Amino acid sequence: MEKSHSEENSAREEKTSAPERELAESQPQPDGWVSGKVLAILIVSYVLLIILGGVIFHFIETSPEQETVVASTQRISTFLNNNTCVTAEELKLLIEEVINAYELGITASNNTESHDSNWDFVSSIFFTTTIVTTIGYGNISPATPGGRVFTVFFALVGIPLFLVTSGQLGMRMASLFGKISNKLLKKVKTEKWKSILSLVLVFTIGFLLFSLLPAIIFTYAEGWNYYVAVYYTFITLTTIGFGDYYPEFANGRSGESAEGIFYRLFVNLWVIFGLVWMASTLSAISDAVSNVVPKKKNNVAVNKEKASPEDDEFKRESTDL
């Protein structure tokens, strides 16, 4: 009797666990959910890409860096030999002061007193733009405890607000570009090719409006060559924001002049609308790539079809209990 009772309990446990396992496996997954195998491939691809990029940058940048170190060392040595009244320690302190000033956004020179403030009204507005857009060039930053605390709270409010606003602007910009591409590509019959050509067209128009043309203005205003200006637009609009190049209106015009104010306002508007275009474009590219990656199918309907008579019997027994 005890043996048969034990076998009956074991059978009931097996009946109970089987549907529970089935139910756990049949939980619907979010849209776009990929299988574990595909996810592993994506992770490995990402890691390999990061490593490959690091190796390439290592070989490109190491040699110029070493040349700069050697040249700087020789220049310091020559300066000390030609100016025996200056000690190495005094020169070191001077260099540290210059670096500290530079980190605060001040280029130390003989005419430092005539330096335009980094915190005039228009420049401060541009700084807040770099906060909410998360560009963060790093050329200037708050130097006071109050400024740093305010930056934290300002970012907590400003960043979400910018994301919501830019999202709405992005939808309207995408709608406008969609109408343009539909008119230009109305003769294309295949939807797949129409989608691909539409993406290429939107990227080309946006790249012209927000990179190639603004680069001409930056070339004139900042004294950069054209390829540096194009590089700057890309680094800014992708919010990479290295800080190696940033707008400072360096051609001897005051930031408080009408021309300087107009230029800074232009940069603010360019950043906002350029980021909207770049985010929309990168999202479209990401969606296009995601459509190529095989998705994990939802197994709920399949599992319902596979339900066995024993499972139905178990459900009826559970209901009666």
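Criteria and thresholds
- Each chain has its residues counted from 1, following the order in which its sequence is written.
- Side-chain atom pairs in this predicted model are given and counted only at pLDDT of 80 or more, local residue features only at pLDDT of at least 70, and totals for whole chains, interfaces and linings cover all residues.
- To get the side-chain values, all heavy atoms of the structure are used, and hydrogens and water are removed first.
- A helix here means a DSSP run of H or I that spans at least four residues, while a strand means a run of E at least two residues long, and both kinds are numbered starting from the N terminus.
- Residue exposure (1.4 Å probe, protein chains only): buried if accessible area is under 20% of the type maximum, exposed if over 50%, otherwise partly exposed.
- Throughout, a contact is declared for two residues whenever any of their heavy atoms are within 4.5 Å.
- What sets the accessible areas is the Shrake-Rupley method with a 1.4 Å probe; for residues, cover comes only from the shown protein chains.
- By definition here, a helix of n residues has an expected span of 1.5 Å times n minus one.
- One confidence number per residue, pLDDT, is output by the predictor and ranges from 0 to 100.
- Angles shown run from 0 to 180 degrees and are taken between the N-to-C directions of axes, each axis being a line fitted to C-alpha atoms and, for helices, limited to the stretch in contact.
- Under this scheme an angle from 65 to 115 degrees is roughly perpendicular, one under 35 degrees roughly parallel, and one over 145 degrees roughly antiparallel; angles in between are oblique.
- In a left-handed crossing the near helix is turned counterclockwise from the far helix by less than a right angle, and in a right-handed crossing that turn is clockwise.
- Note on residue classes: Ala, Val, Leu, Ile, Met, Phe, Trp, Tyr, Cys and Pro are nonpolar, Asp, Glu, Lys and Arg are charged, and everything else, Gly too, is polar.
- Each nonpolar core is a collection of buried residues, namely Ala, Val, Leu, Ile, Met, Phe, Trp, Tyr and Cys, held together in the definition by side-chain atoms within 4.5 Å.
- Bending is quantified residue by residue as the angle between axes fitted to the seven-residue window ending at that residue and the seven-residue window starting at it.

1. Concerning the overall build of the protein
Next, step 1: If you tally the helices and strands in the protein, you get ten helices and zero strands.
Next, step 2: Each helix and strand of the protein, placed in order from N terminus to C terminus, yields the pattern α-α-α-α-α-α-α-α-α-α.
Next, step 3: When the 321 residues of the protein are sorted by exposure, 24% land in the buried category.
Next, step 4: Residue pairs at least 24 apart in sequence account for 62% of intrachain contacts in the protein once pairs closer than 6 positions are excluded.
Next, step 5: Within the structure as shown, the protein displays about 22,500 Å² of accessible surface, and the carbon and sulfur contribution to it stands at 65%.

2. Notes on helix α4 (residues 121-132)
Next, step 1: With twelve residues, α4 extends 17 Å from end C-alpha to end C-alpha; this agrees with the ideal 16 Å at 1.5 Å per step.
Next, step 2: Considered for burial, the residues of α4 that qualify are Val122, Ser123, Phe126, Phe127, Thr129, Thr130, Ile131 and Val132.

3. A short note on the confidence of the model for the protein
Next, step 1: Taken as a whole, the protein shows an average pLDDT of 77; of its residues, 72% reach a score of 70 or greater.
Next, step 2: The spread of mean pLDDT over the elements of the protein runs between helix α9 (residues 300-305), the lowest at 47, and helix α7 (residues 226-237), the highest at 95.

4. Some words on the environment of Ser198
Next, step 1: Topologically, Ser198 is positioned in helix α6 (residues 191-222).
Next, step 2: Sequence-wise, Ser198 and Leu184 are 14 residues apart; in three dimensions their C-alpha atoms are separated by 9.0 Å.
Next, step 3: Not counting chain neighbours up to four residues away, the residues in contact with Ser198 comprise Ser181 and Leu185.

5. Considering the packing of α4 against helix α5 (residues 145-184)
Any two packed helices are characterised by the angle at which their axes cross and by the distance between the axes.
Next, step 1: Interhelical geometry of α4 versus α5 gives an angle of 65° and a closest axis separation of 8 Å. Here α4 lies roughly perpendicular to α5, going by the angle between them. Here α4 runs over α5; the crossing is right-handed. Counting all contacts with α4, which are made through Thr128, Ile131 and Val132, the residues of α5 involved are Thr151, Phe154, Ala155, Gly158, Ile159 and Phe162.
Next, step 2: Residue composition of the contact of α4 with α5, by class: six nonpolar, three polar and no charged.

6. Quick word on the nonpolar core
Next, step 1: Ranked by internal contacts, the top residues of the largest apolar core, which has 27 residues, are Phe218, Tyr232, Leu237, Val267, Trp270 and Trp277.
Next, step 2: Among the secondary structure elements, those contributing two or more residues to this core are α4, α5, α6, α7 and α8 (258-292).
Next, step 3: With eight residues, α8 is the largest single contributor of residues to this core.
Next, step 4: Every residue in contact with Phe218, bar those within four places of it in the chain, is listed here: Gly223, Trp224, Ala229, Tyr232, Thr233, Tyr263, Phe266, Val267 and Trp270.

7. Some thoughts on helix α2 (residues 36-82)
Next, step 1: The first and last C-alpha atoms of α2 sit 67 Å apart over 47 residues, in line with the 69 Å expected at 1.5 Å per residue.
Next, step 2: Residue Glu61 marks the point of greatest curvature in α2, where the axis turns by about 35°; the proline Pro64 follows within four residues.

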